[in-house]
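Listed here are the chains, written in short residue letters.
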Amino acid sequence: MFQGSSALTLDAKGRINIPTRHRDALMEQAQGCLTITRHPDGCLLVYPRPEWEQKRSQIAAFPMQARALQRLLLGNAQDVDIDGSGRVLVAPELRLAAGMSRDVMLLGMGEHFELWDAAALMRREAADLSQGMGDVLNQFSF
């Protein structure tokens, strides 16, 4: 299970360093093989390859009404590997789609990660908090 946030910087080639606390687990769980794709919220999803393969099968089985979501998720999926320095390349088209420039945030979301442009994440969180959490908190206690 991945959790927590990490402030990262895209280098000149569009690579990010995977934080050490996650890198070891990703090397063990997925031999450093990841898949990055787009998310409807405007961020990127980063999956360990074995997790992605399960999701990919689920997404491929969506009904025709979900063709746009299939196109977004499957059509933009890029397989990447953690290099010897602990970095992964985020493809230019994915960086452009997510509005990523230099400062990014990697959020552990359980079995996958979200990768956000740092400024976009701040705007998104502010908007989400201003709208309240609705009924979702009725079933949860801190």
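Above this text sits the structure in question.
Residues numbered from 1 in each chain as written. Predicted model: local features only at pLDDT ≥ 70, side-chain atom pairs only at ≥ 80, totals over all residues. Heavy atoms only, no water.

Visitor: Please clarify how the packing of aromatic side chains should be interpreted in this entry.
Guide: What characterises a pair of aromatic rings is the spacing of the ring centres plus the angle enclosed by the ring planes. Enumeration over the complete set of coordinates arrives at two aromatic pairs. Ring geometry for Phe2 and Phe113: centres 4.5 Å apart, planes at 35 degrees, overall tilted. Residue Phe2 is located in strand S1 (residues 2-9), and its partner Phe113 is located in strand S8 (residues 113-117); the two are separated by 111 residues in the primary sequence. Per residue, the accessibility class of Phe2 equals that of Phe113, and both read buried. Residues Tyr47 and Trp52 carry aromatic rings whose centres are separated by 5.5 Å and whose planes lie at 50 degrees to one another, so their mutual orientation is tilted. Looking at Tyr47, the relative accessible area reads 8%, which means it is buried. (Phe/Tyr/Trp six-rings, centres within 6.5 Å; stacked < 30°, edge-to-face > 60°. Helix = DSSP H or I, 4+ residues; strand = E, 2+ residues; numbered from the N terminus. Buried < 20%, exposed > 50% of the residue type's maximum accessible area, 1.4 Å probe, protein only.)

Visitor: It is not clear to me how the pairing of strand S4 (residues 44-48) should be interpreted in this structure. Could you clarify?
Guide: Walk down a regular strand and you will see the side chains alternate between the two sheet faces. Counting buried positions along S4 gives five out of five residues, so the element sits mostly inside the fold. Where strand S3 (residues 33-38) meets S4, five bridges bridge the pair, whose relative direction is antiparallel. Looking across to S4, one finds that Ile36 is bridged to Val46. Between the end of S3 and the start of S4, which pair antiparallel, lie five residues, with Gly42 showing a positive phi angle near 105 degrees. (Pairing = 2+ DSSP bridges.)

Visitor: Just checking my understanding: could you explain the side chain of Thr37 for this structure?
Guide: Relative to the helices and strands, Thr37 resides in strand S3. On the basis of relative accessibility, which here comes to 1%, the residue Thr37 falls in the buried class. Of note is the side chain of Thr37, whose polar atom sits 3.4 Å from the backbone nitrogen of Ala77. Once you skip the residues sitting within four places of it in the chain, Thr37 turns out to touch Cys43, Leu44, Leu45, Trp52, Leu72, Leu73, Asn76, Ala77 and Leu94. (Polar contact = N/O pair within 3.5 Å; in protein donor to acceptor, adjacent residues only side chain to side chain. Contact = heavy atoms within 4.5 Å.)

Visitor: Before we go on, may I ask you to explain the nonpolar core in this structure?
Guide: The nonpolar side chains of a soluble globular protein tend to be buried, and buried together. One finds Ile16, Leu34, Leu44, Val90 and Leu115 to be the most contacted residues of the largest nonpolar core, which totals 22 residues. Looking at this core, the elements with two or more residues in it are S1, S3, S4, strand S7 (103-110) and S8. (Core = buried A, V, L, I, M, F, W, Y, C linked by side-chain atoms within 4.5 Å.)

Visitor: I would appreciate a short explanation of helix H1 (residues 20-30) in the present structure.
Guide: Since there are 3.6 residues in each turn of an α-helix, residues three or four apart along the chain are aligned in direction. Within the sequence span of H1, burial applies to His22, Leu26 and Ala30. Angular distribution of buried residues about the axis of H1 spans 35 degrees; they occupy a single face of the element. Of the exposed residues in H1, the ones pointing more than 90 degrees away from its buried face are Arg21, Asp24 and Glu28. Buried residues in H1 make contact with S1, S3, S4, helix H2 (49-60) and S8. In the stretch just after H1, Gln31 is the one whose phi turns positive, near 50 degrees. (Arc of directions from axis to C-beta.)

Visitor: Can you walk me through the sheet that holds S7 in this structure?
Guide: Either a parallel or an antiparallel arrangement is found when strands of a sheet pair, and the pairing is made through backbone hydrogen bonds. Pairing within the open sheet is antiparallel, and its six strands lie in the order S1-S7-S8-S4-S3-S5. In this open sheet, the two edge strands, each paired with only one partner strand, are S1 and strand S5 (78-81). Here the average twist between neighbouring strands, direction ignored, is 25 degrees. Packing against the sheet, H1 makes contact with S1, S3, S4 and S8, and its axis sits at approximately 115 degrees to S1. Packing of helix H5 (residues 118-131) onto the sheet brings it into contact with S7 and S8, and relative to S8 it is tilted by some 100 degrees. (Axes fitted to C-alpha atoms, helices over the stretch in contact; angles between N-to-C directions.)

Visitor: How should the side chain of Glu114 be read in this particular structure?
Guide: Mapping Glu114 onto the fold places it in strand S8. Within the structure, Glu114 has its side chain in polar contact with the side chain of Trp116 (distance 2.9 Å). Setting aside its immediate chain neighbours within four residues, Glu114 contacts His39, Cys43, Leu44, Leu45, Met105, Leu106, Leu107 and Met109.

All we've got here are geometric facts, nothing functional implied.
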